[in-house]
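# Examination of the molecular architecture
Spelled out, the chains give:
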Amino acid sequence: MSLLKRLLIFILFAALIPVGMKAQENKKFEINIGISTPGLYALTDKDAATGGNERYDFYVDGPLPHYPEEKQLVYFDLESYRSTLYPSISVELSYKLAETGFFKRLSLVGMLGYHMVGFENFNPVTRQSRKETALRLDYLMGARLRIIDRSHFCMYSQAFLGKDFRNDCEYWTIANEFMREGHEERVDYQVTFLGFQVDLGKESNLGLVTEFGYGYEYSLSQLFVFIPGIRAGVSYKF
């Protein structure tokens, strides 16, 4: 089953949950679907870091002093591609642990993220170009701390850990060094520094969500505290 089909099935299943459940006065569940800036792979993609200059860069004027001779061709490959990063799509499902007591401000949260990158690798010898689409599906679990929790407004922080499924696109092995070296042993993570959920009306279960954070799902800069990634979407309480 393709990564896109997995994502669509999850969203459909999540969207049907509120329909099959009886509405409660104290709603414990919230699901939101959002779009965000790309994850950490955007920060280690050399082409994306230079702003996508619409041309290929090749280092052919001699050996580079900081690269051993045996790695010259590897570096050459890294410079012979272009990438197009698309916004990420993700779904969050949270459950309030308690209405009173020690856990009253805590929620368990699950997250599913879908990422897509357009990848073009150019072979300077054959003068041929190969275009592919890099796909990644992430699943993460975590906890949410509701800093301010009102009936129609919530400000929170949250953190996730998880893993991912990737297709075999060359992007993950050539264009993105961070995702290549030792990634199979890594744990994906996402931290939401601040998130905001606002209901659209006093009687409405629908709302708007905005999150600022850093990690595999959304990020924007290595200076993650000062320039975090942004995620925005719609929510539904039940």
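Residues numbered from 1 in each chain as written. Predicted model: local features only at pLDDT ≥ 70, side-chain atom pairs only at ≥ 80, totals over all residues. Heavy atoms only, no water.

### Thoughts on the overall build of the protein chain
Looking only at helices and strands, one finds four helices and nine strands in the protein chain. Secondary structure elements in the protein chain, listed N-terminal to C-terminal, are α-β-α-α-β-β-β-β-β-α-β-β-β. Here the protein chain holds 238 residues, and the buried ones make up 40% of them. A separation threshold of at least 6 residues defines the contact pool for the protein chain, and within that pool the share at least 24 residues apart is 69%. Split by element, the accessible area of the protein chain, about 13400 Å² in all, is 63% carbon and sulfur. (Helix = DSSP H or I, 4+ residues; strand = E, 2+ residues; numbered from the N terminus. Buried < 20%, exposed > 50% of the residue type's maximum accessible area, 1.4 Å probe, protein only. Contact = heavy atoms within 4.5 Å. Areas by Shrake-Rupley, 256 points an atom, 1.4 Å probe, with all protein chains shown as cover.)

### Observations regarding the side chain of Gln 158
Structurally, the position occupied by Gln 158 is in strand 6 (residues 153-166). Here Gln 158 falls in the buried class, since its relative accessible area comes to 3%. At 2.8 Å, the side chain of Gln 158 and the side chain of Arg 144 are in polar contact. Among the polar contacts listed, one links the side chain of Gln 158 to the side chain of Glu 211, at a separation of 3.2 Å. If near-sequence neighbours (up to four positions away) are discounted, Gln 158 is found in contact with Glu 92, Val 109, Ala 143, Arg 144, Gln 190, Val 191, Thr 192 and Glu 211. (Polar contact = N/O pair within 3.5 Å; in protein donor to acceptor, adjacent residues only side chain to side chain.)

### Let's talk about the packing of aromatic side chains
If you walk through the whole model with that rule in mind, you get 10 aromatic pairs. With centroids separated by 4.9 Å and ring planes inclined at 45°, the aromatic side chains of Phe 29 and Tyr 95 adopt a geometry described as tilted. Of this pair, Phe 29 sits in strand 1 (residues 29-36) while Tyr 95 sits in strand 3 (residues 88-96), placing them 66 residues apart in sequence. With 5.9 Å between their ring centres and 80° between their planes, Tyr 41 and Trp 172 make a pair best called edge-to-face. In this pair, Tyr 41 sits in the loop between strand 1 and helix 2 (46-49) while Trp 172 sits in the loop between strand 6 and helix 4 (177-180), placing the two residues 131 residues apart along the sequence. Overall, Tyr 41 belongs to the buried group, its relative accessible area being 1%. (Phe/Tyr/Trp six-rings, centres within 6.5 Å; stacked < 30°, edge-to-face > 60°.)

### Things to note about the pattern of salt bridges
On inspection of all chains with the given rule, the structure shows 13 salt bridges. One salt bridge in this structure joins Arg 130 and Glu 170, with 2.0 Å as the shortest N-O distance. On the criterion of sequence distance, the pair formed by Arg 130 in strand 5 (residues 128-149) and Glu 170 in the loop between strand 6 and helix 4 is long-range, its members being 40 residues apart. A relative accessible area of 41% places Arg 130 in the partly exposed class. Put simply, Glu 211 and Arg 231 hold a salt bridge, and the shortest N to O gap is 3.4 Å. Here the residue Glu 211 occupies a position in strand 8 (residues 206-215), and Arg 231 occupies one in strand 9 (residues 229-237), the gap between them amounting to 20 residues. (Salt bridge = Lys/Arg side-chain N within 4 Å of Asp/Glu carboxyl O.)

### Some thoughts on the pairing of strand 5
When strand 4 (residues 106-123) meets strand 5, the two strands line up antiparallel, connected through 18 bridges. From the neighbouring strand, Ser 107 faces strand 5, where its bridge partner is Arg 144. Counted between consecutive antiparallel strands, the loop separating strand 4 from strand 5 contains four residues, among which Arg 127 sits at a positive phi close to 60°. Bridge count between strand 5 and strand 6: 13 bridges; the pairing is antiparallel. What sits directly across from Ala 143, in strand 6, is Ala 159. (Pairing = 2+ DSSP bridges.)

### Overview of the pairing of strand 9
By the bridge criterion, seven bridges tie strand 1 to strand 9 in an arrangement that is antiparallel. Counterpart to Gly 34 in the pairing with strand 9 is Gly 233. Here strand 8 runs beside strand 9; their pairing, made up of eight bridges, is antiparallel. If you follow Leu 208 over to strand 9, its bridge partner there is Val 234.

### As for a nonpolar patch on the surface
On the surface, Ile 33, Ile 35, Ile 89, Leu 200, Leu 206, Leu 208 and Val 234 cluster together into a nonpolar patch covering about 600 Å² of accessible area. Contributing elements (two or more residues each) for the nonpolar patch: strand 1 and strand 8. Relative to the elements of secondary structure, Ile 89 occurs in strand 3. (Patch = residues over 30% accessible without salt bridge, like charges linked within 9 Å, V, L, I, M, F, W, Y side chains within 5 Å.)

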